[in-house]
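Coordinates in review
Given next are the chains, with one letter for each unit.
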Amino acid sequence: MINSMVLLAASTDPLGDLVGIVLWIARTLLLIIGGGGGLIMIVKGKTDENPKFIYEGLGAIAGAGVMFAATFAVASIFK
């Protein structure tokens, strides 16, 4: 039989937990700042009939999406 304390000690990963929490905070900020800012730029471009703002808003949303996905790759490094 394996000692239960050994299993408990082996299953805890404080650094991994901390990294997970920090990355979820970063993901939330990316969605709020990148996604929200991009949506605002798209709406501003539509109302002003300025396609430059529309494309910049789409770029901001796409960039935020790429960085959001990259946080999952970074999290897998610490597992």
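The numbers attached to residues start from 1 for each chain and follow its sequence in the written order. Side-chain atom pairs in this predicted model are given and counted only at pLDDT of 80 or more, local residue features only at pLDDT of at least 70, and totals for whole chains, interfaces and linings cover all residues. Water and hydrogen atoms play no part in the side-chain values, which are based on all heavy atoms of the structure.

**Thoughts on helix 2 (residues 14-48)**
- In this model, helix 2 (35 residues) spans 50 Å end to end at C-alpha, consistent with the 51 Å of a helix rising 1.5 Å per residue.
- Summary of the burial criterion: residues with accessible area below 20% of their type's maximum are buried, those above 50% are exposed, and those between are partly exposed, where the area comes from a 1.4 Å probe applied to protein chains only. Counting from the N terminus, the helices are DSSP H or I runs at least four residues long and the strands are E runs at least two residues long. Those residues of helix 2 that sit buried are G16, V19, L23, R27, L30, G34, G35, G38, I42 and G45.
- In this structure, the buried residues of helix 2 make contact with helix 3 (51-77).
- E49 lies just past helix 2 and shows a positive phi near 55 degrees. What a helix should span is 1.5 Å times the count of its residues minus one. By the convention used here, residues are in contact when the closest approach between their heavy atoms is within 4.5 Å.

**Notes on the packing of aromatic side chains**
- A pair of Phe, Tyr and Trp rings is counted when the ring centres sit within 6.5 Å of each other, with Trp represented by its six-membered ring. The angle between the planes then sorts it: under 30 degrees is stacked, over 60 is edge-to-face, the rest tilted. In this structure the tally under the stated criterion is two aromatic pairs.
- Arranged with centres 6.0 Å apart and planes meeting at 85 degrees, the rings of W24 and F72 form a pair that is edge-to-face. Of this pair, W24 sits in helix 2 while F72 sits in helix 3, placing them 48 residues apart in sequence.
- Centroid distance F68 to F72: 5.4 Å. Interplanar angle 75 degrees. Geometry classified as edge-to-face. Residue F68 and its partner F72 are both found in helix 3; the two are separated by four residues, about one turn of the helix.
- Following the ring pairs from residue to residue traces out a cluster consisting of W24, F68 and F72.
- It is R27 that lies over the ring of W24; its NZ or CZ is 4.4 Å from the centre.
- Any Lys NZ or Arg CZ that is within 6 Å of a ring centre and within 35 degrees of that ring's normal is treated as a charge sitting over the ring. A cation sits over an aromatic face here: R27 above F72, 3.9 Å from the ring centre.

**Thoughts on a nonpolar patch on the surface**
- Put simply, a patch holds well-exposed residues, over 30% relative accessible area, that have no salt bridge, with like charges counted together within 9 Å and Val, Leu, Ile, Met, Phe, Trp or Tyr side chains within 5 Å. Accessible surface area values rest on a Shrake-Rupley calculation with a 1.4 Å probe, where residue burial reflects the displayed protein chains alone. Whenever Lys or Arg places a side-chain nitrogen within 4 Å of a carboxyl oxygen from Asp or Glu, that contact is recorded as a salt bridge. On the surface, a nonpolar cluster with roughly 560 Å² of combined accessible area is contributed by L15, L18, V22, V74, I77 and F78.
- Secondary-structure elements contributing two or more residues to the nonpolar patch are helix 2 and helix 3.
- When residues of the nonpolar patch are assigned to their parent elements, the largest contribution, three residues, is made by helix 2.
- Counting through the fold element by element, F78 comes out in the segment after helix 3.
- For F78, a relative accessible area of 39% puts it in the partly exposed group.

**Some words on the packing of helix 2 against helix 3**
- Axis definition: a line fitted to C-alpha atoms, over the contacting stretch in the case of helices. Angles run 0 to 180 degrees between N-to-C directions. In contact at an axis separation of 7 Å, helix 2 and helix 3 are set at 170 degrees when each is read in the N-to-C sense. On the basis of the axis angle, helix 2 is roughly antiparallel to helix 3.
- Charged residues are taken to be Asp, Glu, Lys and Arg, nonpolar residues to be Ala, Val, Leu, Ile, Met, Phe, Trp, Tyr, Cys and Pro, and polar residues to be all remaining types, Gly included. Residue composition of the contact of helix 2 with helix 3, by class: 18 nonpolar, six polar and five charged. Oblique is the label for every angle not falling under 35 degrees (roughly parallel), over 145 degrees (roughly antiparallel), or within 65 to 115 degrees (roughly perpendicular).

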